[in-house]
Amino acid sequence: MVHSLLNPDDSLERQHEKLLQITDALMRRVEQVTDQSGAAYAQFERAALLEDQVRQRTQDLERVLDLLNESNARLAEANRATEAARSDLTAAIEAVEEGFALFSPDDLLVLYNLRFSMHLGDLKEQLFPGMSFAEYVDAVSRSASIDLRNEEERAEWRKMRIERHEDQHAIFNVKLVGNRWVQVSAHRTPDGGTVILQTDVTDIMRLEREARDKLMDQQAIMIRATLDHLNQGVGIFDKDTHLVGWNRRIGQLLALPASQFRFGAHFDTLFDRMQDRLEFPASMPREAVLEWINAPKKRRPLSFELRHKSGAILDFFAQEMPDRGFVVSLTDITAEREAAKRLFEANALLEERVAERTLELEHALGAAERANASKSRFVAAASHDLLQPLSAAKLYVASLAETDRDPAEKDIVRKAFGALESVENIIEALLDISKLDAGTAGLEQTAVPLGRVLARLRDEFAPHAEMKGLDFRVVGTSAMVYSNPLFISRILQNLIANAIRYTDKGRVVVGVRRNGGSVRLEVWDTGPGIADEHQSAIFQEFHRLDTSASAPEGLGLGLAIVERACARLGHQLSLWSVPGQGTGFFVNMQVAEGGKALPVTTPAPRPERKLTESGLIVLLVENDIEVRRAISLLLGKWNASVLDVRSGDEAMALLDEIQIKPDAMLIDYQLDNGESGLDVLARLRRAYGDVPARIISANRSVELRQTCAKIGAELMAKPLDARHLETFLATTVPVDLG
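Residues numbered from 1 in each chain as written. Predicted model: local features only at pLDDT ≥ 70, side-chain atom pairs only at ≥ 80, totals over all residues. Heavy atoms only, no water.

A. Representation of the overall build of the protein in the model. In terms of regular secondary structure, the protein is built from 18 helices and 23 strands. Here the protein holds 738 residues, and the buried ones make up 34% of them. Within the protein, counting contacts between residues at least 6 apart in sequence, those at least 24 apart form 56% of the total. Only carbon and sulfur atoms are counted for the fraction: they give 54% of the accessible area of the protein, which is about 44500 Å². (Helix = DSSP H or I, 4+ residues; strand = E, 2+ residues; numbered from the N terminus. Buried < 20%, exposed > 50% of the residue type's maximum accessible area, 1.4 Å probe, protein only. Contact = heavy atoms within 4.5 Å. Areas by Shrake-Rupley, 256 points an atom, 1.4 Å probe, with all protein chains shown as cover.)

In structure tokens, the structure reads:
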């Protein structure tokens, strides 16, 4: 190890003094010590050289010292400037009204002002330069000045603050104890540091809260007025089932004093006070309501009816709000239920009366039909019996006309013969009508050449038209139509006779107009015309518009025959008439091309299901005797035989005893002793096969309806609709194909 003769820590003056002492000692030694080899002189030379080095070093040290002194001076000046700047910066940030803090890019606290810890008094002693941001957040979260109630909330706040620190800009409010608020603004600097400003916004928050409270008070007044205006009783509960809103109506409906309803009252407390006043239905007991109130998950709307001890019927409805609170409403439906009950009773009575009147009408209709059939048979029989002596009378009169008599007697014979012909025509007309009404007329349709029919009628009626001075024209045609030869001739004969009879001057035109696959027979006249109000009446029997007409058909049977014959033949009959201008009758018929009789395309008769004539046997399983009697009475009006029993065992025993399989079954869903109508239906079907059935019940649930649909027995809800019941029973009647 080499030891230096000089101490580098000594000043230059001290080092110089030591060098002089060393030099003096060396010189003395050189003078005192010599040897033959000249070693002393060599030592002297080394000493001299060392002195030069010391001198050079001294000069270098002096220059370094000068430079150091100059640098110290400059450094001192810079320190003074820095201190001045720091003092100015400190004064500046202290002058800032907000709390201020600066964190370095590596999240260390660089500087802050006194206001930064003013809002959190217990934080003042914990802040220090170099404090990490995480330590700062942890200290704030543990401060007693911040309004955080438990450790869980403090941990949640710490997590939120650390997450917001990642944002480029973050602004949020912090609630302090004493209802004070601080707004924290954090912004990143260009070098990655963070500037945090804290502003007391208590006054602003209070003003906003006052404005919000005022607005909420106004809204509360409006809501209160709205609630009090409602006819329903309303109660609003928060997520903790505390009462937060209500109206006077709910107290009136529950007959509870107003003092029972107070802000913050618990639902269970109010519910207990109402327990002895309310009667809950079996389908919704009191415990089920409490389960709904305390359900941990989302609650579906709850609705049911309950009865108050006063006799009122209340509709209870509860629905959850988005914040897990809920609203309860009560509606007095006593009047509606009483009205529905009276309506049901009136409907039942009305149905009974309607059934009675229907039965009476059916009896009357049956009697009328029997009377009409009897009349038709009588007319047919009478007409047949009358035609025989009438024919004989006509022969006698004709023989009288052949004898020589004076003109006066011949005129009497002619008039008698005309009278007998009139009677014959009337009897034939009555016979035609009776046949058409009774459906016994032979109406087989075939190809009919209209030209021949029109030619014959032209020859028949030309003399009558000539006698009245009318222009009578019949336009020939080659058309072939589907019709009945006898009755198409009778239809045209009556229409032409009617036109000539009521036309005093002008003309009568008969022709055919083609229209694709059909033709239209047209009979026009220039008679007096028919007013609109009389056009439907002219087709009635014995109806005449001009009583002066004296022809046989003048009794009003001709158009009645035309209308009935067209209906039976399927020919469309129409009419055009204008008073003072004339009348036109039109008959549409199907064309038969080529003169061959083609099959007539008539619509197939619809299968008829006549319930009252079916004699159905219906099994009714119903434990309620009144319902059983009402259904049995209604089915009896429809001429159905009813086997009514109370249970499945009675049904099985009765059917086994009488050895009859029912045509249809009506089974109540809820029978005595917990017996299910579905089980009864299954037993009956195992024994008697797939008999058409309906389950009847007041239970209208989707599940029961789906279950009934799966087994092929639809649910028929009580109170029963007579039309639906009739429709079901009609479907079980065998189809009548004629």
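B. Region of interest: the packing of aromatic side chains. Under the definition given, this model contains 12 aromatic pairs. Summarising the aromatic geometry, the rings of Phe-103 and Phe-133 are spaced 5.4 Å apart at their centres and angled 80° between planes, so their arrangement reads as edge-to-face. Placement of Phe-103 in strand 1 (residues 99-103) and of Phe-133 in helix 3 (residues 133-141) is noted, with a sequence separation of 30 residues between them. Of the two residues, Phe-103 and Phe-133, both sit in the buried class. One aromatic cluster is present, formed by Phe-103, Phe-116, Phe-133 and Tyr-136 through successive ring pairs. Above the plane of the ring of Trp-292 lies Arg-299, whose end atom (NZ or CZ) is 5.0 Å from the centre. Residue placement shows Arg-520 over the ring face of Phe-586; its charged tip is 4.9 Å from the ring centre. (Phe/Tyr/Trp six-rings, centres within 6.5 Å; stacked < 30°, edge-to-face > 60°. Lys NZ or Arg CZ within 6 Å of the ring centre and 35° of its normal.)

C. Layout of helix 12 (residues 485-502). In this model helix 12 runs 26 Å from its N-terminal to its C-terminal C-alpha over 18 residues, within 8% of the 26 Å that 1.5 Å per residue would give. Summarising burial for helix 12: 14 of the 18 residues are buried, a large majority. (Expected span 1.5 Å × (residues − 1).)

D. Representation of the pairing of strand 9 (residues 302-308) within the structure. Burial along strand 9 is one-sided: Leu-302, Phe-304, Leu-306 and His-308 are buried, and none of Ser-303, Glu-305 and Arg-307, which face the opposite way, are. Bridge count between strand 9 and strand 10 (residues 313-320): six bridges; the pairing is antiparallel. Bridging across to strand 10, Leu-306 finds its partner in Leu-314. Here strand 9 folds back onto strand 10 in antiparallel fashion, the turn holding four residues, of which Gly-311 has a positive phi close to 100°. (Pairing = 2+ DSSP bridges.)

E. Broad picture of the nonpolar core. Formed by 38 residues in total, the largest nonpolar core has its most connected members in Phe-472, Ile-491, Leu-495, Ile-500 and Met-589. For this core, the elements supplying multiple residues, two or more each, are helix 11 (450-467), strand 13 (471-474), helix 12, strand 15 (507-515), strand 16 (518-525), helix 13 (558-569) and strand 18 (582-590). Top contributing element to this core by residue count: helix 12, with nine residues. Beyond its immediate sequence surroundings of up to four residues, Phe-472 is in contact with Arg-458, Phe-461, Ala-462, Ala-465, Ile-496, Ile-500, Val-508 and Val-510. Residues Leu-270, Met-284, Leu-306 and Val-328 belong to the second largest nonpolar core, which totals 29 residues. (Core = buried A, V, L, I, M, F, W, Y, C linked by side-chain atoms within 4.5 Å.)

F. Examining the packing of helix 7 (residues 267-274) against helix 8 (residues 286-293) more closely. Relative to each other, helix 7 and helix 8 sit at 170°, their axes nearing to 12 Å. The orientation of helix 7 relative to helix 8 falls into the category roughly antiparallel. Each of Phe-267, Asp-268, Phe-271 and Asp-272 in helix 7 lies in contact with helix 8, whose residues at this interface are Arg-286, Val-289, Leu-290 and Ile-293. (Axes fitted to C-alpha atoms, helices over the stretch in contact; angles between N-to-C directions. Parallel < 35°, antiparallel > 145°, perpendicular 65-115°, else oblique.)

G. Quick peek at the side chain of Glu-622. With respect to the helices and strands, the residue Glu-622 is situated in the loop between strand 19 (617-621) and helix 14 (625-637). There is a polar contact of 2.9 Å between the side chain of Glu-622 and the backbone nitrogen of Asp-624. Not counting chain neighbours up to four residues away, the residues in contact with Glu-622 comprise Val-627, Arg-628, Val-645, Arg-646, Asp-668, Leu-671, Ile-696 and Lys-718. (Polar contact = N/O pair within 3.5 Å; in protein donor to acceptor, adjacent residues only side chain to side chain.)

H. The sheet that holds strand 10, seen in detail. Read across the open sheet, the six strands follow the order 7-6-11-10-9-8; overall the sheet is antiparallel. Edge strands, defined here as strands with exactly one partner in the open sheet, are strand 7 (243-246) and strand 8 (278-279). Docked against the sheet, helix 8 engages strand 9, strand 10 and strand 11 (326-332), running at close to 25° with respect to strand 10.

I. Representation of the confidence of the model for the protein within the structure. This prediction gives the protein a mean pLDDT of 77; 75% of its residues lie at or above 70. Considering each helix and strand of the protein separately, the mean pLDDT is smallest for helix 10 (residues 407-438), with a value of 63, and largest for strand 21 (residues 664-668), with 92. In the model, residues 547-553 has pLDDT below 50 throughout and makes eight contacts with residues more than four positions away in sequence or in other chains. Contacts of residues 595-608 to residues separated by more than four positions or lying in other chains number 18 contacts, the stretch itself having pLDDT below 50. (pLDDT = per-residue confidence, 0-100.)

J. Region of interest: unusual backbone geometry. Positive phi, normally seen in glycine, also occurs at Arg-324, with a value near 75°. On the basis of relative accessibility, which here comes to 27%, the residue Arg-324 falls in the partly exposed class. Although it is not a glycine, Asn-673 sits at a positive phi angle of roughly 60°.

K. Inspection of the pattern of salt bridges at higher detail. For the coordinates displayed, the defined rule picks out 22 salt bridges. Between Glu-153 and Arg-149 there is a salt bridge; the shortest N-O distance is 3.1 Å. Accessibility expressed as a relative area gives 72% for Arg-149, which makes it exposed. Connected through salt bridges with shared partners, the residues Asp-138, Arg-142, Glu-151 and Arg-158 form a single ionic network. (Salt bridge = Lys/Arg side-chain N within 4 Å of Asp/Glu carboxyl O.)

L. Seen up close, the sheet that holds strand 2 (residues 109-112). Read from one edge of the open sheet, five strands run 2-1-5-4-3, paired in antiparallel fashion. Both edges of this open sheet fall to strand 2 and strand 3 (169-176), since each of them pairs with a single strand only. On average, adjacent strands in this sheet sit at an angle of 20° to one another, irrespective of strand direction. Helix-sheet contacts for helix 4 (residues 151-164) involve strand 3, strand 4 (180-188) and strand 5 (194-200), and the interaxial angle to strand 3 is about 160°.

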